[in-house]
Amino acid sequence: MVRSGDTADRSAERTSSSWTAIAAALAFTVAPTVAGAQTPTEPAQPAAEPTQPAPASTVAPAPISNAEAPQAVDAPSAARAAQPDQDLVLLEADVIINDEAAQTVTAEGDVQVRHLGRTMRADTLVYHLDTGQVEASGNVEIINADGTATYAERVEADDELNVAVANELRARLGQNGSLAARTVLRHGPGESELRNIIYTSCPICRTSERPPTWSLQARRAIQDRESRTISYQSATLEVAGVPVLYLPYFAHPDPSVGRASGLLPPDFGRNSRLGTFYEQPYYWAISPSQDATVSAMVSSHVHPLFGVEYRKRFWSGSIEAQGTVTYEQDFDGDGNTFGDETYRSSLFAQGRFHVNDYWDWGFGAERISDDLYLRRYDIRGANEERGPFLGTRTRLISQLYAQGQDESSYSSVAFVSFQGLRANDSTFNLPLILPYAEYDGVFDEPVLDGQVRLQANTAMLQRSEYSAGRGDDARVSVSAKWRNEAIFGPGMLFSPFAQARGDLYRAETSLDHYETFGRALGYAGAEVSWPFMRAGEKVDIVVEPVAMVAYASDDEPDDRIVNEDSLAFELDDSNLFRPNGAPNYDLWERGGRATLGVRASARAHTGETASVTFGRRWRQEADDQFSTASNLSDKTSDWIGAVGVDLGRYLGADVRFRLEDESLELRRLDVGARAAWSRFYGNARYYSIDDVLAGGDPSEEINGTVGVEIARGWSAEAGLRRDLDSGINLSQQIRAIYQDDCTFLEIAYTRSETRDRTLGPSEGLQIRIGLRSLGVVGGS
């Protein structure tokens, strides 16, 4: 029904371009306006052909010359057009009407337009040939290539992509956000105005009249696609449909944005040291590979504290650094200041970089200006992994290291510096390590049907002064280990082993006097076990008696060797069957030793497990180089046992104990348990150490947490850590928590009765509110 003529030729050229503009206007104007979509950076592939061949009545949208009335195409029909070098546009509808008199092309009935991976559906679509205006109405749905969708009752756009209008719009923003607006007006290519808007990241159920947990409502909002933010004017925050907060102005990033510069939610609260405090962070997205967060905290008791966190990613690795600084006096647990004002600061930094398929290198930095700085200001950063050596809350570690690993070897070298935060810490007992290096490699080919491992280790310690028999020293150790496994007799496992090791020392035996000496060490022995297994219908049980016998070189301890790397250890269930009970290198377990014990386990086919380990160690002679706490000083060790039970999420427990070898008195007990029943849950741990082993340290402590689910989403928790020796609560807290798919609320009270120099007992109250996609107010 297409006729020829001059008018037809001119209009045909205009029509083909216009249909491309229709699809572009719908796919690139309306969708980004309400859903934050972006034009693909890579050329899209042409749209797929219809799955069914077009019927003979299919008509391309060309003009009709000399037409007195609109011409209708029989349903179903489809039309598609594209200019050269442009992607195909597919239009499908039940009826397509080309009205040249009215200069319109109308598609009706299940209209679908597909272009560059996006699809628009509507009941009716009208394209005005003279103005280029596009009108889509009736159940308009726009589906983007990423699966997100926008819905509206009516949409208008022009073929220049300058103006878009949508009524009764609903859209999904990113993975979590939902937005609805009465009207959307697009002011140019970079900005859209939304009127009578409501936004939430909570799931919305169509079958329920229950309002979302929270929503943000405003008469007017602006969506800026360049900064990818949504700003609200005269906004109201509603919780469960009830207005709780009025905000004259509020802005947040489009949830589809991964990162954008702007103010982050603040942190606020109160404690006895700082008083009432408020911290406001600002996030700066410097480039796609780096960002920074700067913050300022003001408090009622002390001067402001400023902080900065910087992150950058390189082609081979990344670095992170965070620091704080203030100018203030010392202050106690009640915020009372004393002493001189001075600059006080903290620095935590780390980085790791890839060198090649074997080697990586990195660094970690942990430094503060004074011992109590972190506790005074509640600064986080200690006790985090920044390399192979892990610091604690009372001991900071700075390190520069390199690590290499492949299928058969591991290598590392590190330079380490310590900063002690306890009153008795000094450079004397915390030397520099310059460096610590080790190598561990396994031979690919067996030797005497067994595995051979070569190990090398070196450590150089540097102190600022010589004191109490300790100064600078260095050690190099090289060893070879061999072990084999064979099954013999009625299923018994025989594992012979041997080690040869040489140590070379250079020690400062007196002030500025160094001696170089060495020693040769070794052991040989075997481990024999006889596992018995019973496979049941519901439970499999394994019982395994184990015996280990070894004899080591009987060298007398050398007074010139100072124990640096084995200061605190204990023979327990984790090393009961090891040939050398002394860890690391400076101590050596001499002479003969034997261990007898049993290992048993039970595993239900439904996943529940239980295990038991029990045994003891005999030695050829007592050795006073080991302390009583190490469990290696006498000819016979204490009895050692461990029990573990895991019954799934409802119950679990582990017990580790140590019994005196003759009287069987309890010398050490460590018990942990967790349980959940109905609405209640909890966990607890208790340990007790005989005073003979404790050596003046706290010997009895208990800690635990109990909680209850009060109602849907609501729960309460109470936690306690108590030193039973002194009767002091090291920490205690009470928390009320609400949490659902889009909201988090926590009200927490904490108290500590510990004292450390000028810091005494403290308590605090903090409220945290988290709204998904908007952030957390009151803490991380």
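In short, a report on the structure. (Residues numbered from 1 in each chain as written. Predicted model: local features only at pLDDT ≥ 70, side-chain atom pairs only at ≥ 80, totals over all residues. Heavy atoms only, no water.)

## Thoughts on the nonpolar core
- Counting residues in each nonpolar core, the largest one holds 41 residues, and the members touching the most others are Met-120, Leu-179, Ile-197, Trp-214 and Tyr-232.
- Discounting residues that sit within four places of it in the chain, Leu-179 has contacts with Leu-169, Arg-170, Ala-171, Leu-173, Leu-194, Ile-197, Ile-198, Tyr-199 and Ile-230.
- Counting 15 residues, the second largest nonpolar core, distinct from the first, contains Leu-274, Ile-368, Tyr-373 and Ile-379. (Core = buried A, V, L, I, M, F, W, Y, C linked by side-chain atoms within 4.5 Å. Buried < 20%, exposed > 50% of the residue type's maximum accessible area, 1.4 Å probe, protein only. Contact = heavy atoms within 4.5 Å.)

## With respect to the pairing of strand S35 (residues 639-646)
- Direction of pairing for strand S34 (residues 609-619) relative to S35: antiparallel, over a ladder of seven bridges. Directly across from Ser-611, in S35, lies its bridge partner Gly-644.
- Note: S35 against strand S36 (residues 651-659), eight bridges, orientation antiparallel. Bridging across to S36, Trp-639 finds its partner in Leu-659.
- Counted between consecutive antiparallel strands, the loop separating S35 from S36 contains four residues, among which Gly-648 sits at a positive phi close to 85°. (Pairing = 2+ DSSP bridges. Helix = DSSP H or I, 4+ residues; strand = E, 2+ residues; numbered from the N terminus.)

## Brief notes about the state of the cysteines
- Evaluated as defined, the whole model comprises one disulfide.
- The disulfide partner of Cys-202 is Cys-742, and the S-S distance across this bridge is 1.8 Å. Across the S-S bond of Cys-202 and Cys-742 the torsion is about 80°, and the bridge reads as right-handed. Placement of Cys-202 in the loop between strand S11 (191-200) and strand S12 (214-224) and of Cys-742 in the loop between strand S41 (728-739) and strand S42 (743-752) is noted, with a sequence separation of 540 residues between them.
- Take Cys-742: its relative accessible area is 3%, and that puts it in the buried class. (Disulfide = S-S within 2.5 Å.)

## Comments concerning the pattern of salt bridges
- Per the counting criterion, the structure on display carries 53 salt bridges.
- Across the salt bridge formed by Arg-599 and Glu-544, the nearest N and O atoms sit 3.5 Å from each other. Pair noted here: Arg-599 is in strand S33 (residues 591-604) and Glu-544 is in strand S32 (residues 539-552), with a separation of 55 residues, a long-range link.
- With relative accessibility at 27%, the residue Arg-599 sits in the partly exposed group.
- With its nearest N and O atoms 3.3 Å apart, the salt bridge here joins Arg-593 to Glu-589. (Salt bridge = Lys/Arg side-chain N within 4 Å of Asp/Glu carboxyl O.)

## Some details on unusual backbone geometry
- Geometrically, the link from Leu-434 to Pro-435 is a cis peptide bond, its omega value of -5° lying close to zero.
- With respect to the secondary-structure elements, Pro-435 resides in strand S25 (residues 432-442).
- Of note, the phi angle at Asn-196 is positive, near 50°, even though the residue is not glycine.
- Position of Asn-196 among the secondary structure elements: in strand S11.
- With a phi angle near 65°, Asp-449 is a residue other than glycine that sits in the positive phi range.
- One can find Asp-449 in the loop between S25 and strand S26 (451-462).

## Topic: a negative patch on the surface
- On the surface, Asp-94, Asp-110, Asp-123 and Glu-153 cluster together into a negatively charged patch.
- Within the secondary structure layout, Asp-94 lies in the loop between strand S3 (89-93) and strand S4 (95-99).
- What makes Asp-94 partly exposed here is its relative accessible area of 35%. (Patch = residues over 30% accessible without salt bridge, like charges linked within 9 Å, V, L, I, M, F, W, Y side chains within 5 Å. Areas by Shrake-Rupley, 256 points an atom, 1.4 Å probe, with all protein chains shown as cover. Lys, Arg positive; Asp, Glu negative; His and termini not counted. Charge placed at Lys NZ, Arg CZ, Asp CG, Glu CD.)

## What to know about a nonpolar patch on the surface
- Where nonpolar side chains cluster on the molecular surface, the patch consists of Val-355, Trp-361, Leu-400, Phe-415, Leu-432 and Leu-434 and spans about 490 Å² of accessible area.
- Secondary-structure assignment places Val-355 in the loop between strand S21 (337-354) and strand S22 (359-368).

## Here's the deal with the side chain of Ser-215
- Within the secondary structure layout, Ser-215 lies in strand S12.
- Assessed through its relative accessible area of 4%, Ser-215 is described here as buried.

## Here we look at the environment of Asp-725
- Position of Asp-725 relative to the elements: it lies in the loop between strand S40 (714-723) and S41.
- The sequence separation of Asp-725 and Glu-701 amounts to 24 residues, and the corresponding C-alpha distance is 7.5 Å.
- A distance of 2.5 Å separates a polar side-chain atom of Asp-725 from the backbone nitrogen of Ser-699.
- Within the structure, Asp-725 has its side chain in polar contact with the backbone nitrogen of Glu-700 (distance 3.4 Å). (Polar contact = N/O pair within 3.5 Å; in protein donor to acceptor, adjacent residues only side chain to side chain.)

## Examining the packing of aromatic side chains
- Taken as a whole and judged by the stated rule, the model has 19 aromatic pairs.
- Centroid distance Tyr-373 to Tyr-377: 5.3 Å. Interplanar angle 50°. Geometry classified as tilted. In this pair, Tyr-373 and Tyr-377 are both assigned in helix H2 (residues 373-377), four residues apart and thus about one turn of the helix distant.
- Classification of Tyr-377 as buried rests on a relative accessible area of 4%.
- Members of the aromatic cluster, connected to one another through ring pairs, are Phe-314, Phe-353 and Trp-361.
- Geometry around Phe-314 places Lys-312 over its ring, the cationic atom sitting 5.2 Å from the centre.
- The cationic tip of Arg-376 hangs over the ring face of Phe-331; the distance from NZ or CZ to the ring centre is 5.5 Å. (Phe/Tyr/Trp six-rings, centres within 6.5 Å; stacked < 30°, edge-to-face > 60°. Lys NZ or Arg CZ within 6 Å of the ring centre and 35° of its normal.)

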